[in-house]
Amino acid sequence: MAKGPTVSEPTYFILAALLDGPLHGHGIIKRTLALSDNRVKLPVGTLYGALDRLAAGGLIAVDREEVVDGRPRRYFVITDEGRGVVSAEALRMAQAATVVISRIPRPGATFS
């Protein structure tokens, strides 16, 4: 099984949200909520703290900035490094899941 650092669930879904292309903060919140089946709810303050950390770590970058209704809006993209991190985490979780899934009895199965 793959070793190495894992990422938090919110970080995983933020990175996953950016796999389809650039998003601004509200778009990331909506996509993260949808991808996580409504499990990961990111308050705005939490999101922007996470985005700052991910950008500082080189996992995401600002794609562009624009002003909408007088307010600045930043769009973020996932970097190659971020893509590698989220891909490795997805593989790690899939491998870990097979350990359990392969041991769950199927309906109607009998033990000998």
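Here, the structure is the one placed above.
Attention in this report is confined to the structure presented alongside it. (Residues numbered from 1 in each chain as written. Predicted model: local features only at pLDDT ≥ 70, side-chain atom pairs only at ≥ 80, totals over all residues. Heavy atoms only, no water.)

Remarks on unusual backbone geometry
Here is the rule we go by: Working definition: helices are DSSP H or I runs of at least four residues, strands are E runs of at least two. Numbering for both runs from the N terminus. Classification of residues uses two cut-offs on accessible area relative to the type maximum, computed with a 1.4 Å probe and protein chains only: under 20% is buried, over 50% is exposed, and between them is partly exposed.
Phi is positive for aspartate 37, close to 55°, though the residue is something other than glycine. With respect to the helices and strands, aspartate 37 occurs in the loop between α2 (25-35) and α3 (44-56). Of the residues examined, aspartate 37 reaches a relative accessible area of 63% and is grouped as exposed. A positive phi angle, near 70°, is found at asparagine 38, a position not held by glycine. Mapping asparagine 38 onto the fold places it in the loop between α2 and α3.

Considering the sheet that holds strand β2 (residues 60-68)
Definition in use: Each pair of strands is called paired provided DSSP finds at least two bridges between the two strands.
The strand order across the open sheet built from three strands is β1-β3-β2, with neighbouring strands paired in antiparallel fashion. Since the sheet does not close on itself, it has two edges, and those belong to β1 (23-24) and β2, each with one partner. Sheet analysis places β1 next to strand β3 (residues 71-78), joined by two bridges and oriented antiparallel. Within β3, the position partnered with leucine 23 by the bridge is phenylalanine 76.

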